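# Architecture at a glance
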Amino acid sequence: MKKTAKILLGTLLLSSAISTSAFAASEDTEVTGHFRAPVETHDENGKLYIDGIPYASQEELEQISEPSVSNRISLLAPPTDTWIMEGSETYYSGQELDTYNNVSASKIKITLQTTSSLTATLTGSLEYGFSAVAKASMSLAVGQTFSKTFTQEFTTEGYHVYSLKSAVKTIKRNYVYYDTKWINETFHSSSVDLNGGSEFWFWSNPISK
């Protein structure tokens, strides 16, 4: 397994061990690290965004939805009687957070650990050979689970809170099939897949005495 690590170093120096408990079908998985807190916001509907990217759980990813206008592929004359990808959306999924509060003046050696996972799935209509079409663009096999475990071992400062968060980079591809030969019906389907790898954030804040 080839691993590519893009570590954005901050002012903290610590020892980091990254392990993978389930391998992706692709030989290339990317780990991106940030030594800062993630920027988390919510829209008017309460949907979470991490560093500007929407978050969705495995269950939410498996719900059928059409791509947003900004991510929809523009087709002047959509082909009929064949599956076409009408758009895709990128998400974070599988988030997990581990936190430690050092409420003393002592320096303490601790370990924070998180595991983030994603299972590749197909949702919606499976008619007209959709499975074969979707699988051609996927890096994971359908039903395969990608899982990454992050471990941070370090010595704390006194009166600080430390946090480790991780998530999986995910892509949802949306497909449509315009049936004009038999029942004049439109079918919608989606694939949920790994989008390159996983990401983690590690940060600390002082505790007011």
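Residues numbered from 1 in each chain as written. Predicted model: local features only at pLDDT ≥ 70, side-chain atom pairs only at ≥ 80, totals over all residues. Heavy atoms only, no water.

The next point concerns the pattern of salt bridges. As enumerated under the stated definition, the model contains 6 salt bridges in all. Put simply, E199 and K169 hold a salt bridge, and the shortest N to O gap is 3.9 Å. Of the two residues, E199 sits in strand β12 (residues 186-206) while K169 sits in strand β11 (residues 160-178), which places them 30 residues apart along the sequence. As far as the burial class goes, E199 and K169 line up, both buried. A salt bridge links R173 to D193; the nearest nitrogen and oxygen atoms lie 3.3 Å apart. Of this pair, R173 sits in strand β11 while D193 sits in strand β12, placing them 20 residues apart in sequence. One salt-bridge network, in which partners are shared between bridges, spans E30, K169 and E199. (Salt bridge = Lys/Arg side-chain N within 4 Å of Asp/Glu carboxyl O. Helix = DSSP H or I, 4+ residues; strand = E, 2+ residues; numbered from the N terminus. Buried < 20%, exposed > 50% of the residue type's maximum accessible area, 1.4 Å probe, protein only.)

With that settled, consider the side chain of S116. Structurally, the position occupied by S116 is in strand β8 (residues 109-119). According to the relative accessible area criterion, S116 is buried, its value standing at 0%. A polar contact of 2.7 Å, which involves the side chain of S116, links it to the backbone oxygen of G94. Among the polar contacts made by the side chain of S116, one reaches the side chain of S166 at a distance of 2.7 Å. Once you skip the residues sitting within four places of it in the chain, S116 turns out to touch G94, Q95, E96, F146, S147, K148, S166, A167 and V168. (Polar contact = N/O pair within 3.5 Å; in protein donor to acceptor, adjacent residues only side chain to side chain. Contact = heavy atoms within 4.5 Å.)

Residue position: K148 is located in strand β10 (residues 145-155). What makes K148 buried here is its relative accessible area of 0%. Separated by 30 residues in sequence, K148 and L118 have C-alpha atoms that sit 9.4 Å apart.

This next bit is on the packing of aromatic side chains. On inspection of all chains with the given rule, the structure shows 13 aromatic pairs. Ring geometry for Y128 versus F187: centroids 5.5 Å apart, planes at 65 degrees, classification edge-to-face. Placement of the pair is Y128 in the loop between β9 (121-124) and α2 (130-135) and F187 in strand β12, with a sequence separation of 59 residues. Taking 6.4 Å as the distance between ring centres and 70 degrees as the angle between the ring planes, the aromatic pair formed by Y177 and F187 counts as edge-to-face. (Phe/Tyr/Trp six-rings, centres within 6.5 Å; stacked < 30°, edge-to-face > 60°.)

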